[in-house]
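# Examination of the molecular architecture
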Amino acid sequence: MAYAPRQVETHKVTLRTVMRRASFVQGHRSFLQGKPLNYDAYPLCINEQWSYERGRQFAAIFPEPVKNGKTIRTAALYAYAGALNRREIL
């Protein structure tokens, strides 16, 4: 029997919410460290898989830390917003 993943329900969230997730930060860091995509990251949660991949995509255009301590950096927020507007990232 083939595996058919369910589409996740979507809803609007802020950029801070997206960038605050541990999976986003992990994806961003792993890309900057030159690690290959971890296909087994977050196997039980599609939302976390998407967040991890968004972090990796964002790292390709923003090779700086996303957070300063626990706070999302303003420069990172502006960079992510610009990338979304230019359709460079999901």
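Residues numbered from 1 in each chain as written. Predicted model: local features only at pLDDT ≥ 70, side-chain atom pairs only at ≥ 80, totals over all residues. Heavy atoms only, no water.

### Some thoughts on the nonpolar core
Inclusion rule: What is meant by a nonpolar core is a set of buried Ala, Val, Leu, Ile, Met, Phe, Trp, Tyr and Cys residues, joined one to another through side-chain atoms within 4.5 Å. Relative accessibility thresholds used throughout: buried, under 20% of the residue-type maximum; exposed, over 50%; partly exposed, between the two (1.4 Å probe, protein chains only). Put simply, DSSP H or I for four residues or longer makes a helix, DSSP E for two residues or longer makes a strand, and each gets a number counted from the N terminus. Residue contacts follow a heavy-atom distance rule, with two residues in contact if any of their heavy atoms lie within 4.5 Å.
Among the nonpolar cores identified, the biggest contains 12 residues, and these are V18, M19, F24, F58, F62, V66, I72, A76, L77, Y80, A83 and I89. Contributing elements (two or more residues each) for this core: α1 (15-20) and α4 (74-85). Considering each element in turn, this core owes the most residues, 4 residues, to α4. Residues in contact with I89, not counting those within four places in the same chain, are R54, Q57, F58, Y80, A83 and L84.

### A closer look at the packing of helix α3 (residues 46-61) against α4
The cut-off we apply is this: For helices, the fitted line uses only the C-alpha atoms of the stretch in contact; every axis is such a line through C-alpha atoms, and the angle between N-to-C directions lies from 0 to 180 degrees. Any angle from 65 to 115 degrees is called roughly perpendicular, while one under 35 is roughly parallel, one over 145 is roughly antiparallel, and all others are oblique. Note on residue categories: nonpolar means Ala, Val, Leu, Ile, Met, Phe, Trp, Tyr, Cys or Pro, charged means Asp, Glu, Lys or Arg, and polar means any other residue, Gly included.
Between α3 and α4, whose axes approach to 11 Å, the crossing angle comes to 100°. Classified by the angle between their axes, α3 and α4 sit roughly perpendicular to one another. Packed against α3, whose contacting residues are R54, F58 and I61, the element α4 presents A76, A79, Y80 and A83 at the interface. Grouping the amino acids of the contact of α3 with α4 by side-chain chemistry returns 6 nonpolar, no polar and 1 charged.

### Some words on the packing of aromatic side chains
When we look at a pair of aromatic rings, we describe it by the centre distance and by the angle of the planes. Applied cut-off: To pair, rings of Phe, Tyr and Trp, with the six-membered ring standing in for Trp, must have centres within 6.5 Å; the planes then decide the type, stacked if under 30 degrees apart, edge-to-face if over 60, and tilted in the middle.
For the structure shown, the criterion picks out 5 aromatic pairs. Ring centres of F24 and Y80 lie 5.9 Å apart, and the angle between their planes is 55°; this geometry places the pair in the tilted category. Linking F24 in helix α2 (residues 22-32) with Y80 in helix α4, this pair joins segments that are 56 residues apart in sequence. Each ring, one from F58 and one from Y80, has its centre 5.1 Å from the other, and the planes form 50°; the classification is tilted. Taken as a pair, F58 in helix α3 and Y80 in helix α4 lie far apart in primary sequence, 22 residues in all. Side by side, F58 and Y80 carry an identical accessibility label, which is buried. Members of the aromatic cluster, joined through ring pairs, are F24, F58, F62 and Y80.

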